[in-house]
Amino acid sequence: MTASRSRRMDPLTIEVVELIGGVVARYHQEYDEAAARHRLTGAQARVLSLLTLGPLPMRQIAQRLKCEPSNITGIVDRLETRGLVERQPSPGDRRVKVAAPTEEGLRVARGLRDSLDFAREPLAGLSHEERTAFRDMLRRMLGIA
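Description of the structure in this document. This one's a predicted model, so the numbers in the text were calculated from it and none came from an experiment.

Let's shift gears to the sheet that holds strand β1 (residues 56–57). Ordered by their spatial adjacency, three strands build an open sheet running β1-β3-β2, and the pairing between neighbours is antiparallel. Each edge of the open sheet is held by one strand with a lone partner, namely β1 and β2 (85–89). Strand direction decides the pairing type here: β1 and strand β3 (residues 97–101), joined by two bridges, are antiparallel. The residue bridging P57 from the neighbouring strand is V98, located in β3. Running over the sheet, helix α3 (residues 42–51) touches β1, β2 and β3 and is turned about 95° from β3.

What follows is the structure, encoded as structure tokens:
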């Protein structure tokens, strides 16, 4: 067995991987429950939350959420029907349409974000230095500089 394989199989690494899986599962469960309280699916909530950062073309939404553009079109259609999102011409290329949140969409997205307590409450118990170190470790694991 190679040294890197033995590190991947050591009890501490296995425990850390299981804990990360538990955090991810609890986050998704809480996110889906919060979305349902706003009469959204988890996917609709993720698209709406992403759009609060700024209008995006469907292809970019799909890339960021790692799904098919055709799925995003249907999700945006349903959000648009509810008055949470609108399609607008792209400022850079008027032939391209972007999805942008409406004022109501921004309000719903804020409510959704404010109702996600799972990670926020435990993180609040950590010092600023601990949160910074944790963030830096997560960035390193994800290959983000």
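Past the structure itself, the notes keep going.
Scanning all chains against the criterion turns up one aromatic pair. Aromatic side chains Y27 and Y31 sit 5.7 Å apart centroid to centroid with 35° between the ring planes, which places their arrangement in the tilted category. With a gap of four residues between them, Y27 and Y31 both fall in helix α2 (residues 11–37), about one helical turn apart. Residue classification places Y31 among the buried residues on the basis of a relative accessible area of 5%.

Calculation rules
Residue positions are counted from 1 within each chain, in the order its sequence is given. For this predicted model, a pLDDT threshold of at least 70 governs which residues receive local features, and a threshold of 80 or more governs which side-chain atom pairs are given and counted, while totals over whole chains, interfaces and linings are taken from all residues. Excluding hydrogens and water, the side-chain figures rest on all heavy atoms present in the structure. Should DSSP find at least two bridges between two strands, the strands are taken to pair. Here a helix means four or more residues in a row that DSSP labels H or I, a strand means two or more in a row labelled E, and each is numbered from the N terminus. Whether two residues are in contact is decided by their heavy atoms: any pair within 4.5 Å suffices. The angle between two axes is taken between their N-to-C directions and runs from 0 to 180 degrees, where each axis is a line fitted to C-alpha atoms and a helix contributes only its stretch in contact. Stacked, tilted and edge-to-face are the three classes assigned to paired rings of Phe, Tyr and Trp, where Trp is represented by its six-membered ring and a pair needs centres within 6.5 Å; plane angles under 30 degrees give stacked, over 60 edge-to-face, the rest tilted. Whether a residue is buried, partly exposed or exposed follows from its accessible area with a 1.4 Å probe, protein chains only, as a fraction of its type maximum: under 20%, in between, or over 50%, in that order.

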